[in-house]
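Architecture and fold: a report
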Amino acid sequence: MQFDTYTFALFLPLVFFIYWGLRRHLRWQNLFLLVASYVFYGWWDWRMLGLIVLTSLSTWGTALKMSGDRSSGDKTWAVLNIVLNVGILAVFKYLNFMRDSFVHLLNLFGAHPDWPTLQILLPVGISFYTFQAISYTIDVYRGDIKATRDVLAFGVFIAFFPQLVAGPIERAVNLLPQFMRQKSFDYDNAVVGMRQILWGLAKKLIVADSVGYYVDQLMANPYYYSGPSMIWAGILFAVQIYADFSGYSDIAIGSARLLNIELQPNFRYPFFSRNMKELWQRWHISLMTWFRHYVYFPLGGSRCSKWRTVLNVMVVFALSGLWHGANWTFVIWGVVNGLLLIPFVFMARRPVSEHASLRDIPKCLLTFFLFAMVFIAFRANGIAHLGQICDVIVNGSWRVWPVYGQAVFFIVPFFVIEWLGRKQEFPLQHLPFPTWVRWLLYWFMLVGISIACLDRNMQFIYFQF
């Protein structure tokens, strides 16, 4: 079930009313949320429910086996559950990638094995709920959180439908306790949640899908276009993936707000960052927080020598690229982003203001441009396709203006709204306008969303990860 469908438009209100109808009965409320989450997930393919149930039960049971005192038995249980979850992820997401990479390596040495490619269906959201399960196992082992005996609350923690498919990736210390206490309806929070859902839908359907149409046309045949057009394609794709993924996050966080559940922000206006380090502190925050806690810090973080810190940064970004997809282009994307952050390891930390100002716009534009150019590797279908794009940029004609310039009519208003609202969690959170102006704006956005739904229906990009 996708957020931008009429099915979800019926599903969410139904969940809302039944959920609050059960507000005096916590276990029934959690049972209902668990069933609703499984219905939401099973809407794609009910056969994949077995995997999320296996992940939930194995992780819950493993945590109960651990006492949190770092005994040898605890470590064994933790390792076994992590291996199980990573193994499931590896089989469904990376098996064919490893097979293809090994075959190519053997070809370099003259061997040509005829190994079949397996037809494996990638379960939606497996990278997200697997990381959430792994983080819980590690947190219980470390003693950061006590293992819960409430299997219903834990099941909802893993499968909570707003953030199940594409995050934010939540740590148990934040999300799990919310399913273990009674909640009361908060009208003001629900209103903010509705505004956030509206803004997320507008970003996805009006901006991301419209810009994505031009990206698909440009990327389909790079040699048909000029160098400036391919650079424009990289810029458009950066806008598309930001509007698409942050739009999903807004809908997820807003939907959770309707249930008085707090999810952590996943984006903080990353394209108004003044350098690459700041951008990565504002982009896909939940994933980078996960890697910081469970990879970067255990490797030593920045508490070691500068060159060891560089290695730690490169490991994190290489793994981040691989997490996004089973293709070497994702690894390239991660490694290049890591390389762009290396200078900041050797630079002294300088305090900066939280929000960019008008005088910071040149720095923001340069940072955005670098980020967009690296994202070309993320969008490429493979190494050969990436090579074609780079060849056109370097050797193609530069006498032809970029095509699809009309995309600026979607981009410019979008960034103006974001700039004006950059000091809030999202631009529509608190509008300083009279009631009639605000409602006029809401209806205008609803009409735009409805028209966009009729024109095209693109899947959220991060569903494939």
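Residues numbered from 1 in each chain as written. Predicted model: local features only at pLDDT ≥ 70, side-chain atom pairs only at ≥ 80, totals over all residues. Heavy atoms only, no water.

Turning our attention to the overall build of the protein. When helices and strands are tallied, the protein shows 18 helices and 0 strands. On C-alpha atoms alone, the protein measures out to a radius of gyration of 23 Å, which is about the 23 Å that the 2.2 N^0.38 rule sets for 465 residues. Residue burial in the protein is summarised as follows: out of 465 residues, 54% are buried. Considering only contacts within the protein whose residues lie at least 6 apart along the sequence, 78% involve residues at least 24 apart. (Helix = DSSP H or I, 4+ residues; strand = E, 2+ residues; numbered from the N terminus. Rg over C-alpha atoms; globule rule 2.2 N^0.38 Å. Buried < 20%, exposed > 50% of the residue type's maximum accessible area, 1.4 Å probe, protein only. Contact = heavy atoms within 4.5 Å.)

Further remarks concern the side chain of Asp250. Its location among the elements puts Asp250 in helix H10 (residues 227-258). With residues near it in sequence (within four places) discarded, Asp250 still touches Gln196, Ile197, Trp199, Gly200, Lys203 and Phe426.

Looking now at the nonpolar core. By size, the foremost hydrophobic cluster in this structure holds 149 residues, and its most contacted members are Trp280, Trp283 and Tyr462. Top element by residues in this core is H10. It accounts for 19 residues. For Trp283, the contacting residues outside a window of four places in its chain are Ile241, Tyr242, Asn266, Phe267, Pro270, Phe271, Met288, Phe371, Phe375 and Tyr462. (Core = buried A, V, L, I, M, F, W, Y, C linked by side-chain atoms within 4.5 Å.)

In the structure shown here, the tally under the stated rule is 1 cavity of 30 Å³ or more. Considering only enclosed or pocket space, the largest cavity measures out at about 120 Å³ in volume. Contributing to the lining of the largest cavity are 17 residues, with Lys203, Asp250, Phe267, Glu425 and Phe426 lying nearest its centre. Secondary-structure elements contributing two or more residues to the lining of the largest cavity are helix H9 (187-220) and H10. With 5 residues, the top contributor of residues to the lining of the largest cavity is H10. Partitioning the lining of the largest cavity into residue classes produces 8 nonpolar, 4 polar and 5 charged. (1 Å grid on protein atoms, 1.4 Å probe; cavity = no way out; pocket = protein on both sides within 12 Å on 5 of 7 lines; lining within 4 Å. Points joined across faces, edges and corners; volume = space filled by probe spheres on them. Nonpolar A, V, L, I, M, F, W, Y, C, P; charged D, E, K, R; others polar.)

All right, on to the pattern of salt bridges then. For side chains bearing opposite charge, pairing can occur when the charged atoms are close. Counted by the stated rule, this structure contains 11 salt bridges. Between Arg379 and Asp216 there is a salt bridge; the shortest N-O distance is 3.0 Å. Of this pair, Arg379 sits in helix H15 (residues 361-379) while Asp216 sits in helix H9, and the two are 163 residues apart along the sequence. Judged by relative accessible area, which is 32%, Asp216 ranks as partly exposed. Connected through salt bridges with shared partners, the residues Arg274, Glu278, Arg282 and Asp360 form a single ionic network. (Salt bridge = Lys/Arg side-chain N within 4 Å of Asp/Glu carboxyl O.)

Taken as a whole and judged by the stated rule, the model has 58 aromatic pairs. Residues Phe131 and Phe291 carry aromatic rings whose centres are separated by 5.8 Å and whose planes lie at 75° to one another, so their mutual orientation is edge-to-face. Here the residue Phe131 occupies a position in helix H5 (residues 126-142), and Phe291 occupies one in helix H12 (residues 285-299), the gap between them amounting to 160 residues. Among the residues examined, Phe291 registers a relative accessible area of 3% and is labelled buried. For the cation-ring pair, Lys93 lies above Trp323, with the distance from its terminal atom to the ring centre recorded as 5.3 Å. In this structure, Arg422 packs its charged tip against the face of Trp419, placed 3.9 Å from the ring centre. (Phe/Tyr/Trp six-rings, centres within 6.5 Å; stacked < 30°, edge-to-face > 60°. Lys NZ or Arg CZ within 6 Å of the ring centre and 35° of its normal.)

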